[in-house]
Amino acid sequence: MKNALFVTLALTASSVFAADFDYTADREFQIKYPDLACVDTGPLAREEAEAMTAAKLQEMGRKDKIEVKRGPCFGDAKNATADVEQTITGSEYLDRLYARLTSGPIPHGFYNGKVIISRDRGIKSVAELGVWMPKEDKIEKIAERMWSGKYFDRDKMYLKNRINLDGVSWNSLPKNIEDKRMKFPAKLYCGQSLFDSRRESLVIDYKYGIEDRPEGVETDKTIDWLAGKKGLAVRDEVRMIRPGLLLGRAYMHGAFGLYFVLEYAPGTGKDPSWDEPDACWIGHQRQILTKKKPSDYSPRGI
């Protein structure tokens with residue numbers, strides 16, 4: 001049972017650049033949408049997104065202090081013009097980054113995973129629910145040893161995790177969710193973000209992963225239930241940084257636990273592209289900025 005708990009904990013792990021829209025120059029927009037204007041510098045520029053890697057995000061997310069700059073926004077000072085220099089934590093940096101992202105398309109294929117254990121919060125909020133949790137360093141070592149990615153099936157809207165159990169050989173990557181080596185199934189759908197309700201994220205929901213599985217897909221009832229509603233009630237949500245690179249937030253019993261990052265393994269599914277539309281609703285604020293309409297989204301998101 002102890003090993004199973006460690007596996008479940010592993011599963012849940014499951015610099016600032018120029019932006020492509022200057023919110024700080026539009027005072028009317030700032031007054032109308034101060035929460036979006038002050039997040040950072042607006043939606044990611046393509047150049048910024050392409051500069052990010054899984055390893056870089058993992059490193060930044062662990063730091064206690066990060067020096068950042070952003071332009072002034074509504075609430076700093078009336079008619080402020082100078083950049084604002086701040087010292088924030090790595091987890092706050094990831095919060096700001098996540099708030100600037102949208103869902104992207106539904107992924108299809110295997111994505112290598114890295115956990116990001118924040119040193120200032122996250123796991124502590126789960127412990128407050130009465131769930132026993134090891135120290136952050138311990139969880140990180142367990143997660144990196146036990147969990148190493150997720151396989152998305154866009155057609156079935158279903159997902160499973162690569163769990164490194166004793167006796168299981170991973171001499172090849174999974175090519176589909178029928179691979180019996182994979183554990184902890186979850187449903188995929190677009191849903192309101194628990195972090196930011198202004199728009200949706202792609203939700204990875206383990207609540208009904210066993211009961212409501214696609215035809216022909218088997219689950220391991222001896223262990224898979226640990227992530228479900230009778231176990232830790234895990235719920236992940238992810239947004240796209242760039243095609244093939246996703247940033248995720250993991251929750252247990254509704255409490256935020258940690259960030260994780262996923263990177264596409266070439267040749268395991270459908271190669272991601274900049275040309276694919278967002279699957280999930282980007283929210284009214286972002287729609288106004290980008291002049292998008294419902295028909296601009298992929299069918300899964302409508």
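Before any of the text, the structure's been laid out above.
Residues numbered from 1 in each chain as written. Predicted model: local features only at pLDDT ≥ 70, side-chain atom pairs only at ≥ 80, totals over all residues. Heavy atoms only, no water.

Q: How do you make sense of the overall build of the chain when you look at a structure like this?
A: When helices and strands are counted, the chain shows nine helices and ten strands. Per-residue burial over the chain gives 56% buried out of 302 residues. For the chain, the computed accessible surface area is about 13,900 Å², with 50% contributed by carbon and sulfur atoms. (Helix = DSSP H or I, 4+ residues; strand = E, 2+ residues; numbered from the N terminus. Buried < 20%, exposed > 50% of the residue type's maximum accessible area, 1.4 Å probe, protein only. Areas by Shrake-Rupley, 256 points an atom, 1.4 Å probe, with all protein chains shown as cover.)

Q: Which parts of the structure should I look at to understand the nonpolar core?
A: Nonpolar side chains in soluble globular proteins generally cluster together in the buried interior. Core analysis: the largest hydrophobic core is formed by 34 residues, its most contacted members being Phe152, Leu159, Phe184, Leu188, Ile204, Tyr206 and Leu262. Counting residues in each nonpolar core, the second largest holds 22 residues, with Ala54, Leu247, Tyr251 and Phe256 among its members. (Core = buried A, V, L, I, M, F, W, Y, C linked by side-chain atoms within 4.5 Å.)

Q: What exactly am I supposed to notice about the packing of helix H5 (residues 54–62) against helix H6 (residues 90–99) here?
A: Helix-helix packing: each pair is described by the crossing angle between the helix axes and the interaxial distance. H6 packs onto H5 with a crossing angle of 130° between their chain directions and a minimal axis gap of 6 Å. As the angle between them shows, H5 and H6 are arranged oblique. Every residue of H6 that contacts H5 at Leu57, Met60 and Gly61 is listed here: Gly90, Ser91, Tyr93, Leu94 and Leu97. Class assignment for the residues of the contact of H5 with H6 results in five nonpolar, three polar and no charged. (Axes fitted to C-alpha atoms, helices over the stretch in contact; angles between N-to-C directions. Parallel < 35°, antiparallel > 145°, perpendicular 65-115°, else oblique. Contact = heavy atoms within 4.5 Å. Nonpolar A, V, L, I, M, F, W, Y, C, P; charged D, E, K, R; others polar.)

Q: What am I meant to see in the state of the cysteines here?
A: Put plainly, a disulfide is one covalent bond tying together the sulfur atoms of two cysteines. Scanning the model with the defined rule gives one disulfide in all. With a sulfur-sulfur separation of 2.0 Å, cysteine 190 is cross-linked through a disulfide to cysteine 280. With the S-S bond torsion at -75°, the cross-link from cysteine 190 to cysteine 280 turns out left-handed. Note that cysteine 190 is positioned in strand S6 (residues 183–192) and cysteine 280 in the loop between strand S10 (255–264) and helix H9 (284–290), a separation of 90 residues in sequence. Cysteine 280 shares its class with cysteine 190; the two are buried. (Disulfide = S-S within 2.5 Å.)

Q: Honestly, the pairing of strand S8 (residues 234–242) in this entry has me stumped. Any pointers?
A: Consecutive side chains along a regular strand alternate between the two faces of the sheet. Burial analysis of S8 places nine of its nine residues in the buried class, which makes it a mostly covered element. The pairing of strand S7 (residues 200–205) with S8 spans four bridges and is classified as antiparallel. The partner of leucine 202 across the bridge, within S8, is valine 238. Pairing of S8 with strand S9 (residues 245–252), which is carried by eight bridges, proceeds in the antiparallel orientation. Bridge pairing links arginine 235 to tyrosine 251 in S9. In sequence, S8 turns back onto S9 through a hairpin of two residues, with glycine 244 there showing a positive phi of about 95°. (Pairing = 2+ DSSP bridges.)

Q: Is there a simple way to think about the packing of aromatic side chains in this case?
A: Aromatic ring pairs are defined here through the distance separating the ring centres and the angle between the ring planes. Summed over the entire model, instances satisfying the criterion amount to seven aromatic pairs. On the numbers, 5.4 Å between centres and 75° between planes, the contact of tyrosine 111 with phenylalanine 152 is edge-to-face. Taken together, the residues tyrosine 111 in strand S3 (residues 109–116) and phenylalanine 152 in strand S4 (residues 147–153) connect sequence positions 41 residues apart. Considered together, tyrosine 111 and phenylalanine 152 belong to a single accessibility category, that of buried residues. Three or more aromatic residues joined by ring pairs make a cluster, and in this case those are Tyr98, Phe195, Tyr251, Phe256 and Tyr259. (Phe/Tyr/Trp six-rings, centres within 6.5 Å; stacked < 30°, edge-to-face > 60°.)

Q: What am I meant to see in the side chain of arginine 154 here?
A: For arginine 154, the position within the fold is in the loop between S4 and strand S5 (158–163). For arginine 154, a relative accessible area of 18% puts it in the buried group. Polar contacts involving the side chain of arginine 154 include one to the side chain of glutamate 276, which spans 2.9 Å. (Polar contact = N/O pair within 3.5 Å; in protein donor to acceptor, adjacent residues only side chain to side chain.)

Q: Explain unusual backbone geometry to me, please; I cannot follow it from the model alone.
A: Excluding glycine, residues mostly carry a negative phi; peptide bonds, for their part, are mostly trans. Its identity is not glycine, yet phenylalanine 184 carries a phi of approximately 55°, on the positive side. Here phenylalanine 184 lies in strand S6.

Q: Even after reading the chapter, I still don't get the sheet that holds S10, so can you show me in this structure?
A: Pairing between sheet strands relies on hydrogen bonds along the backbone, with the strands arranged either parallel or antiparallel. Ordered by their spatial adjacency, eight strands build a closed barrel running S3-S4-S5-S6-S7-S8-S9-S10, and the pairing between neighbours is antiparallel. Averaged over all pairs of adjacent strands, the angle between their axes in this sheet comes to 30°, without regard to strand direction. The sheet contact formed by S6 and S7 spans six bridges and is antiparallel. The residue of S7 that forms the bridge with tyrosine 189 is valine 203. Across the sheet, H5 is in contact with S3, S8, S9 and S10; its angle to S3 comes to roughly 25°.

Q: I keep staring at the environment of aspartate 220 and nothing clicks. Help me out?
A: Relative to the assigned elements, aspartate 220 resides in the loop between S7 and S8. When its relative accessible area of 21% is taken as the criterion, aspartate 220 is described as partly exposed. The spatial distance from the C-alpha of aspartate 220 to the C-alpha of methionine 182 is 9.0 Å, given a sequence separation of 38 residues. A distance of 2.5 Å separates the side chain of aspartate 220 from the side chain of threonine 222, its partner in a polar contact.

Q: Please clarify how the pattern of salt bridges should be interpreted in this entry.
A: Oppositely charged side chains are able to pair whenever their charged atoms sit close together. By the definition in use, this model includes 17 salt bridges. Here lysine 183 makes a salt bridge to aspartate 220, at a shortest N to O gap of 2.9 Å. On the criterion of sequence distance, the pair formed by lysine 183 in strand S6 and aspartate 220 in the loop between S7 and S8 is long-range, its members being 37 residues apart. According to the relative accessible area criterion, lysine 183 is buried, its value standing at 10%. Look at the salt bridges and you will find they share partners, linking Asp196, Arg199 and Arg239 into a network. (Salt bridge = Lys/Arg side-chain N within 4 Å of Asp/Glu carboxyl O.)

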